[in-house]
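Examination of the molecular architecture
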Amino acid sequence: MAKVLMKGNEAIAESAVRAGGLLYFGYPITPQSEIGEYLARRMPEVGGCFLQIESEVAVANLLYGAAGAGARVWTSSSSPGISLMMEGLSYIAAAELPCVVVNIARCGPGLGGILPSQGDYLQAVKGGGHGDYHCLVLAPSSVQEAVDLMPLAFDRADRYRNPVIVLGDGMIGQMMEPVEFKEHNFPPLPPKDWATTGCKGRKPNVINSLYLDPVEEEKLNFKLAAKYEEMKRKEIRFEEMETDKPYQVLLVAYGTTARVCKTAMQRLRADGINTALLRPITLFPFPEDRVYELAQRAEFVLTVEMSTGQMVEDVRLAVGRTRPVYFYGRTGGIVPSPEEVVETVKNHLRR
Amino acid sequence: MRVIFKRPESLSDRITHYCPGCTHGVIHRLIAEVLDELGLRERAVGIAPVGCSVLAFNYFNFDFQQAAHGRAPAVATGIKRARPDLIVFTYQGDGDLASIGMSEIIHAANRGEKFTVVFINNAIYGMTGGQMAPTTMPGQVTTTSPRGRDVQDVGYPIRMCELLASLKTPAFIERVAVHNPRQVINAKRALKEAFSLQRDCVCFSFVELLSTCPTNWGFSPYQATKWLEENMLPYYPVQNFKRPEKKGEKDAG
């Protein structure tokens, strides 16, 4: 298929539709409202359902109900709205239901602003709601990658019976880039024989997260933990740049900031400074082993984020005390410039 | 020999955890009888709330989902939008529906979601130990209104049927009671009407059942039925508030 120029939000919506995400519930919030607007037009054309719901609190619980009835269901929102969904996401994770949640993050805390941010990293990767759970978290750094990750998100949600978060930011959602909608083929999924679809010819199914017996609750928690360990074995995704040559500095950045780092790397090379980049695509599970290995070849590691330092915590966990791990971040909706990254690298090299 | 009374197929063969004199058992049975009689058990999905009936999924013999506190109408909407062919009902108490879940019930009703709500109003929080509910009567003593509900401080009890009946969309709204056999028979009739309307894809249906909580009210089961009659019935009238016009009725009228 030929490439088309599309806005990130609309491209994400179209990709989800093509991946069979034909049931969408949402609540308007900047900077992702175009997703709902696009689907309000598009869903009737493909026999799907777009429904605007009264709140994000309710949306997450609609996801629970629809996923529990066996549907491929999804939503999108931005940071404050995602916070409101945390109740439902905890229940969804506990009841082992599949769904996809797109977060086109904006800056916070509180109402914050409508400009891009990576301040929701910790909320996304560490669980976010109450209790002992994780979502699988995918972080695109271009509109094309966002398009490519949507089918994967739906497949993995079904495969693991777990919520998958696609964590973009206002930049990914709002910018226009040429995209191509490719065919994606995944191995067959197991039947959803656990879903509440009416008990004709079988015993009743129950979707539940209440365990009053501590032994049973612990069993669930260990089962979920085993699932996250399986994700760590099978799902870690990342991109590397310039790691096949000697380098002084390892940059670690995801999403929009990884693109900034790529530009900074070219300018640093022109000044005779070799750097490499590791860009995590899965934020949970985090590519901790690869971060460690690549860090050993560098003098130090620099993590760049649109936050005051969130992913850097995972980078430090991976690298330990084997190499210095520095951090550079801008917030408030300000995207770090390549010049700032160049200067930060040079300053640390001068020390 | 002919069997004239047995456990409905829609109920499972289990002993409930409900207190002596509690009306949940009666209402569970009424729902089960109605689903059996309408032949809907194999298409049914119930939604259990947070409250005393949180374990309702153990007592019914068909598919169930357990919902977060107050969110049952959102969960039911998700199921019904995904699978309109299923017969979906929420089973919610007064704290669940009229307090924490007020937003969810109002908007599901206003969209006219085609599921059935079974609303249990016993004027108190049961499972957490007898706290004041949005439906607690003026002057009623609870653990969080130890001197009785002071309406100057916390307002009057919310009448959910009247509130929902003010909306244009929701078409079947009725309040019934289960404190004596005549009322129980009437309650079953209302539930059957509600589930029939859902089966025929007609409208959102809402049945409020005035119920007793002898344990947290601090009464014997018999005293509790008397208290309901004397205190709740005057404030919460048992009546039908809305019923969809039958086809042709409007033209004929």
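Everything numeric in this text was worked out from a predicted model, so none of it was measured.

Definitions and cut-offs
- Residues numbered from 1 in each chain as written.
- Chains lettered and ligands numbered in written order.
- Predicted model: local features only at pLDDT ≥ 70, side-chain atom pairs only at ≥ 80, totals over all residues.
- Helix = DSSP H or I, 4+ residues; strand = E, 2+ residues; numbered from the N terminus.
- Rg over C-alpha atoms; globule rule 2.2 N^0.38 Å.
- Buried ≥ 20, exposed ≤ 12 C-beta atoms within 10 Å, placed from the backbone.
- Contact = placed C-beta atoms within 7 Å.
- Domains from an automatic or database assignment.
- Nonpolar A, V, L, I, M, F, W, Y, C, P; charged D, E, K, R; others polar.
- Pairing = 2+ DSSP bridges.
- Axes fitted to C-alpha atoms, helices over the stretch in contact; angles between N-to-C directions.
- Core = buried A, V, L, I, M, F, W, Y, C linked by C-beta atoms within 7 Å.
- Parallel < 35°, antiparallel > 145°, perpendicular 65-115°, else oblique.
- Left-handed = near helix turned anticlockwise from the far one by under 90°.

Turning to the overall build of chain B, a few remarks are in order. Within chain B one finds 10 helices and seven strands. In summary, chain B has a C-alpha radius of gyration of 18 Å against a globular reference of 18 Å for 253 residues, a match within 12%. Taking the principal axes of its C-alpha atoms as reference, chain B extends roughly 50 × 50 × 35 Å. For chain B, the proportion of its 253 residues judged to be buried stands at 52%. In chain B, the share of contacts with a sequence separation of at least 24, taken over all contacts with a separation of at least 6, comes to 67%.

This part takes up the domain arrangement of chain A. Residue and element names in this part refer to chain A. The domain boundaries assigned to chain A delineate domain 1 (4-234) and domain 2 (239-350). Placing a centre on the C-alpha atoms of domain 1 and another on those of domain 2 gives a separation of 28 Å. Contacts between the two partners involve 26 residues from domain 1, matched on the other side by 23 residues from domain 2. In terms of residues, the side of domain 1 that touches domain 2 owes the most to one element, helix α5 (residues 121-125), which gives four residues. Residue composition of the side of domain 1 that touches domain 2, by class: 17 nonpolar, seven polar and two charged.

So, on to the interface of chain B and chain A. Taken together, the 27 residues of chain B in the interface contact 31 residues of chain A. Those elements that place two or more of their residues in the side of chain B that touches chain A are β2 (63-66), α2 (72-82) and α4 (102-111) of chain B. Among the elements that take part in the side of chain B that touches chain A, α2 of chain B stands out by supplying eight residues, more than any other. The class makeup of the residues in the side of chain B that touches chain A is 13 nonpolar, seven polar and seven charged.

With that settled, the discussion passes to the sheet that holds strand β15 (residues 325-329) of chain A. Residues and elements named next belong to chain A. Spatial strand order, β10-β12-β11-β14-β15: five strands in an open sheet with mixed pairing. Strands with a single pairing partner mark the edges of an open sheet, and in this sheet they are β10 (238-241) and β15. With direction set aside, neighbouring strand axes in the sheet form an average angle of 20°. One ladder, built from five bridges, connects strand β14 (residues 300-305) with β15; its direction is parallel. If you follow E305 over to β15, its bridge partner there is G329. Each of β11 (249-252), β12 (275-280), β14 and β15 touches helix α12 (residues 338-350); the most contacted strand, β14, lies at about 155° to it.

Counting 190 residues, the largest nonpolar core has L63, V137, V166 and L250 of chain A together with L209 of chain B as the members making the most contacts within it. When residues of this core are assigned to domains, at least three fall in each of domain 1 (4-234) and domain 2 (239-350) of chain A. When near neighbours in sequence (up to four residues on either side) are disregarded, L63 of chain A contacts F25, V73, T75, G88, I92 and C99 of chain A together with G78 of chain B.

What follows is about the environment of A177 of chain B. All names here are of chain B. Along the chain, the position of A177 falls in strand β5 (residues 172-177). Note: C-alpha distance between A177 and G112 (65 residues apart in sequence) is 24 Å. A177 has contacts with Q183, A187, L209, L210, L228 and V238, leaving out every residue within four places of it along the chain.

All names here are of chain A. Following both chains from N to C, one finds helix α3 (residues 56-68) and helix α4 (residues 79-94) inclined at 30°, their axes separated by 7 Å at the closest point. Taken together, the axis directions place α3 and α4 in an arrangement best described as roughly parallel. Seen from above, α3 lies across α4 with right-handed handedness. Note on element contacts: α4 touches α3 through G81, L84, M85, E87, G88, L89, Y91 and I92, opposite E56, V57, V59, A60, N61, L63, Y64 and A67. Within the contact of α3 with α4, the residues separate by chemical class into 11 nonpolar, three polar and two charged.

Right, let's talk about unusual backbone geometry for a bit. Residue and element names in this part refer to chain A. Look at the link from G108 to P109: it is a cis peptide, with omega at 5°. When you line up the elements, P109 lands in the loop between β5 (99-105) and α5. A cis amide bond links F284 to the next residue, P285, at an omega of 0°. Here E242, not a glycine, exhibits a phi torsion of approximately 65°, which is positive. Secondary-structure assignment places E242 in the loop between β10 and β11. Residue class for E242 comes out partly exposed when judged on the 17 C-beta atoms lying within 10 Å of it.

Let's shift gears to the sheet that holds strand β6 (residues 136-138) of chain A. Residue and element names in this part refer to chain A. Taken in spatial order, the seven strands line up as β3-β2-β4-β5-β7-β6-β13 in an open sheet, and their pairing is mixed. On the outer flanks of this sheet lie β3 (49-52) and β13 (282-284), each paired with one strand and no other. The average undirected angle you get between the axes of adjacent strands in this sheet is 20°. Where β6 lies against strand β7 (residues 163-169), three bridges are found, and the strand directions are parallel. Pairing of L136 across the sheet is with V164, part of β7. Strands in contact with helix α6 (residues 143-160) are β5, β6 and β7; relative to β7, the strand with the most contacts, it is inclined by about 160°.

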